[in-house]
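Report on the structure
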Amino acid sequence: TAGLVTAVIAAAVGAKVALIEKHLMGGDCLNVGCVPSKGVIRAARAWADVRHADEFGVHIPPGVKYDFGAAMARMRKLRARISHTDSVHRYKSLGVDVFIGNARFAGSDTVMVEGPAGNRTLRYAKAAICTGARASAPPIPGLQEAGYLTNDTIFTLTELPPRLAVIGAGPIGCELAQAFARFGSQVYLVEALHGIMPNEDQDAADIVLKTMRRDGVTLLCCGKDLKVGKTDNGKRLTVGSHGQQYDITVDEILVGAGRAPNVEGLGLEAVGVEYDKTGVKVNDRLQTTNPRIYAAGDICSRYKFTHAADAMAQILIQNALFPHPLGLAYAGVESLIMPWCTFTEPEVAHVGMYEADAKKKGIEVDTFTFKLDEVDRAILDGEDEGFARVHVKKGTDRILGATIVAAHAGDMISEFSVLMKAGLGLKTITGTIHPYPTQAEVVKKVANAWRKTTFTTRTKNILTKWFAWTR
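The present account deals with the structure reproduced in this document. Residue indices follow the written sequence of each chain, beginning from 1 at its first position. Since the coordinates come from a predicted model, pLDDT governs what is reported: local features require at least 70, and pairs of side-chain atoms require 80 or more to be given and counted, while whole-chain, interface and lining totals use all residues. Neither water nor hydrogens contribute to the side-chain values; these are computed over all heavy atoms in the structure.

1. Focus on the overall build of the chain
- Working definition: helices are DSSP H or I runs of at least four residues, strands are E runs of at least two. Numbering for both runs from the N terminus. Scanning the chain from terminus to terminus reveals 16 helices and 23 strands.
- Rg of the C-alpha trace for the chain: 25 Å, near the compact-globule value of 23 Å for 471 residues, within the 12% margin.
- By principal-axis analysis of the C-alpha atoms, the chain measures approximately 90 × 65 × 45 Å.
- The buried label goes to any residue with under 20% of its type's maximum accessible area, the exposed label to any with over 50%, and the partly exposed label to all in between, with areas taken from a 1.4 Å probe on protein chains only. Across the 471 residues in the chain, those meeting the buried criterion constitute 46%.
- Excluding contacts between residues fewer than 6 apart, the proportion of contacts in the chain whose partners are at least 24 apart in sequence is 60%.
- Every accessible area reported is derived by Shrake-Rupley at a probe size of 1.4 Å, with residue values counting cover from the shown protein chains alone. When the accessible area of the chain is evaluated, it comes to approximately 24200 Å², of which 54% is carbon and sulfur surface.
- Each charge class in the chain can be summarised by its mean position, and for the 55 positive and 50 negative side chains these summaries are 5 Å apart. Our radius of gyration looks at C-alpha atoms and nothing else; its globule reference is 2.2 Å times the residue count to the power 0.38. Only heavy atoms enter the contact rule, under which two residues are in contact if any of them lie within 4.5 Å. When charges are counted, Lys and Arg contribute as positive and Asp and Glu as negative, whereas His and the chain ends are disregarded. Taken as the charge location is NZ of Lys, CZ of Arg, CG of Asp or CD of Glu.

As structure tokens, this is what we get:
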């Protein structure tokens, strides 16, 4: 994503641009990430809706047919439809020179492209490294020998694995564990830490875990001494969880525990670009240790999101093509207000600080939470497990961060993001009319919870005396 956005904006403003891709245009997001995973999640939700249709007066007869292959074919068909946006044809039509092959820095101002059409040497004034990251596997004894799936390979499945182990209870692990459980797999979710989604608020993660367990996911958290082996019946996992030893056999293992930056074979040493196991080192302007070379996206960011890569690409363009005089304002990555969402059911979306983050920085906060079981539309939709939570600087309405747990939390979190970007506070929400009945009313209600605290007993006493005097 970072490479695509960088190339198209640079070409749009008049720069001569070469875009080099060694495999598939669209990168992880289109091919093995956001796009296919959300297609799979939507199909799995439809299967779950059928199983619970009787709650809405729809009685499905026994023997209804579920076709996993058809669900995956639908995902691939829709992915192909979306792929035009990232195609070579489209980028060439926008003025970008596209080269298919492996890129390597060959000199201070040259890149060598080794491709099926032969080798080419390209000269550059500025360069952008946007090679992203790939799935990485933890050093689990026996895992390599037994074989495993990652997000790079799981979307090629055409048959549902009856038994599936998922290693890692972060966003990828939780999303796909729940989806495959809804498809009908017996899913074991293995996590080294306690619970799931360890970066989120505990009560937010607990709501998702409750739903996942209803869907049939078995969580083995606080996992110790995980070992994998191959047997005649499948793949065997042994692991300790909360003092109990588990010995399970599955048909497939999905690893969703970490990412590794794609830095190999780029010739970074030849041009003085420093990197480590986390990726390429950049400053706030996304400039590498070589001032002519920049980087954006998963290759250099702690935010492994498509929308983060998009935003970083725009910052890269501003700083690489339009250098700012010393001392003037410039576009910096540290100023980004970054929302994100885990697309489980319910979804968990967040932007800004958590309460713990604020405390670490010595910022006093007031926290307000409003539950969805008090929001009419959420009750009517049968989606009332969740809440909206906002952290504000103590004694003010300045928003420091927010979390939403809801069926469409990813769509709802942007209201907080916009206000934070604009420097506006909760007063703006309380003064904004929200349509009724919608689940997004929870945002207005949590803001109203803050407003109530501004109406003190002293204020009420003064008003009571005023009203009495004016009667």
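From this point on, the discussion continues.
2. Let's talk about the sheet that holds strand 9 (residues 186-190)
- Any two strands with at least two DSSP-identified bridges between them are counted as paired. The parallel open sheet is built from four strands, whose spatial order is 10-9-8-14. This sheet does not close on itself; its edge strands, each paired only once, are strand 10 (218-220) and strand 14 (252-255). The sheet shows a mean angle of 20° between the axes of neighbouring strands, taken without regard to direction.
- Strand direction decides the pairing type here: strand 9 and strand 10, joined by three bridges, are parallel. In the strand pairing of strand 10, L189 is matched with L219.
- Packed onto the sheet, helix 7 (residues 171-183) meets strand 8 (163-167), strand 9 and strand 14 and runs at close to 165° relative to strand 9. To get an axis, a line is fitted to the C-alpha atoms, and for a helix only the part in contact is used. The angle between two axes follows their N-to-C directions and goes from 0 to 180 degrees.

3. A few points about the packing of helix 3 (residues 34-51) against helix 7
- Remark: helix 3 packs on helix 7, axes separated minimally by 8 Å, with the N-to-C direction vectors making an angle of 40°. By the angle class used here, helix 3 and helix 7 are oblique. Helix 7 is crossed by helix 3, and the crossing has left-handed handedness. Two secondary-structure elements touch here, helix 3 through S37, K38, V40, I41, A43, A44, R45, W47, A48 and R51 and helix 7 through E175, A179, R182 and F183.
- Residue polarity is assigned by list, with Asp, Glu, Lys and Arg as charged and Ala, Val, Leu, Ile, Met, Phe, Trp, Tyr, Cys and Pro as nonpolar; anything else, Gly included, falls into the polar class. Of the residues assigned to the contact of helix 3 with helix 7, the class counts are eight nonpolar, one polar and five charged. Throughout, the term roughly parallel applies to angles under 35 degrees, roughly antiparallel to angles over 145, roughly perpendicular to angles from 65 to 115, and oblique to all others. Handedness of a helix crossing follows the sense of rotation of the near helix relative to the far helix, less than a right angle counterclockwise being left-handed and clockwise being right-handed.

4. Points about the packing of helix 1 (residues 2-12) against helix 9 (residues 306-321)
- One way to put it is that helix 1 packs onto helix 9 with a least axis distance of 8 Å and a crossing angle of 40°. Between helix 1 and helix 9, the angle falls in the class oblique. The element helix 1 and its partner helix 9 pack so that their crossing is right-handed. Across the interface between the two elements, A2, V5, T6, I9 and A10 from helix 1 touch A309, D310, A313, Q314, L316, I317 and L321 from helix 9.
- Residue composition of the contact of helix 1 with helix 9, grouped by class: nine nonpolar, two polar and one charged.

5. A look at the nonpolar core
- One finds I154, F180, F183, V187, L189, I196 and M212 to be the most contacted residues of the largest nonpolar core, which totals 40 residues.
- If you list the elements that add at least two residues to this core, you get helix 3, helix 4 (68-83), strand 8, helix 7, strand 9 and helix 8 (202-214).
- Apart from residues no more than four positions distant in its own chain, F180 is found in contact with F68, I154, L157, L160, P161, L164, S185 and V187.
- We call a set of buried Ala, Val, Leu, Ile, Met, Phe, Trp, Tyr and Cys residues a nonpolar core when their side-chain atoms join them within 4.5 Å. By size, the runner-up hydrophobic cluster in this structure holds 29 residues, among which are A2, V263, V273 and I293.

6. With respect to helix 1
- With eight of 11 residues buried, helix 1 lies mostly within the body of the structure.
- Every buried residue of helix 1 is accounted for by A2, G3, L4, V5, T6, A7, A10 and A11.
- Positive backbone phi, approximately 110°, marks G14, located one or two places after helix 1.

7. Some details on the pattern of salt bridges
- We count a salt bridge whenever a side-chain nitrogen from Lys or Arg sits within 4 Å of a carboxyl oxygen from Asp or Glu. Counted by the stated rule, this structure contains 19 salt bridges.
- Among the ionic pairs, D251 bridges to R163, the shortest N-O distance being 2.9 Å. You can see D251 sitting in the loop between strand 13 (244-250) and strand 14 and its partner R163 sitting in strand 8, a full 88 residues away along the chain.
- Each of the salt bridges in this network shares a partner with another, and the network as a whole consists of R182, D215 and E345.

8. Let's talk about the sheet that holds strand 23 (residues 399-406)
- The five strands lie next to each other as 19-20-23-22-21, forming an open sheet whose pairing is antiparallel. Lying at the two open borders of the sheet, with one neighbouring strand each, are strand 19 (339-342) and strand 21 (365-371). Taking the axes of each pair of neighbouring strands and ignoring which way they run, one obtains an average angle of 10° across the sheet.
- Bridge analysis of strand 22 (residues 387-393) against strand 23 gives six bridges, and the strand direction is antiparallel. Among the inter-strand pairings, A388 is bridged to a residue of strand 23, identified as I404.
- Here helix 13 (residues 414-422) sits on the sheet in contact with strand 19, strand 20 (347-352), strand 22 and strand 23, set at roughly 170° to strand 23.

9. Quick word on a nonpolar patch on the surface
- Like charges are joined within 9 Å and nonpolar side chains (Val, Leu, Ile, Met, Phe, Trp, Tyr) within 5 Å, but only among residues with over 30% relative accessible area and no salt bridge; these make up the patches. Together, F56, V58, I60, V64 and Y66 give the surface a local cluster of nonpolar side chains, amounting to about 440 Å² of exposed area.
- Position of V64 relative to the elements: it lies in the loop between helix 3 and helix 4.
- Since its relative accessible area comes to 38%, V64 is described here as partly exposed.

10. Some points on the layout of surface pockets
- Here the second largest pocket defines a volume of roughly 1000 Å³.
- If you go around the second largest pocket, you meet 33 residues; those closest to its centre are R45, D49, R182, E345 and E383.
- Residue contributions to the lining of the second largest pocket peak at eight residues, all from helix 3.
- Classifying every residue of the lining of the second largest pocket gives 11 nonpolar, six polar and 16 charged. Space inside and on the surface of the protein is sampled on a 1 Å grid over the protein atoms alone, with a cavity defined as a set of points where a 1.4 Å probe fits but cannot get out and a pocket as an open set with protein on both sides within 12 Å along at least 5 of 7 lines; lining residues have an atom within 4 Å of a point. Grid points are joined across faces, edges and corners, and a volume is the space filled by probe spheres set on the points.

11. Considering the side chain of N151
- Mapped onto the elements of the fold, N151 is located in the loop between helix 6 (143-146) and strand 8.
- Here a polar contact is recorded for every N or O atom pair within 3.5 Å, except that within protein the pair must consist of a potential hydrogen donor and a potential acceptor, and residues adjacent in sequence are included only if both atoms are side-chain atoms. A polar atom in the side chain of N151 sits 2.9 Å from the backbone oxygen of V32.
- Filtering out sequence-adjacent residues up to four positions away, N151 remains in contact with D28, V32, A135, L254 and R259.

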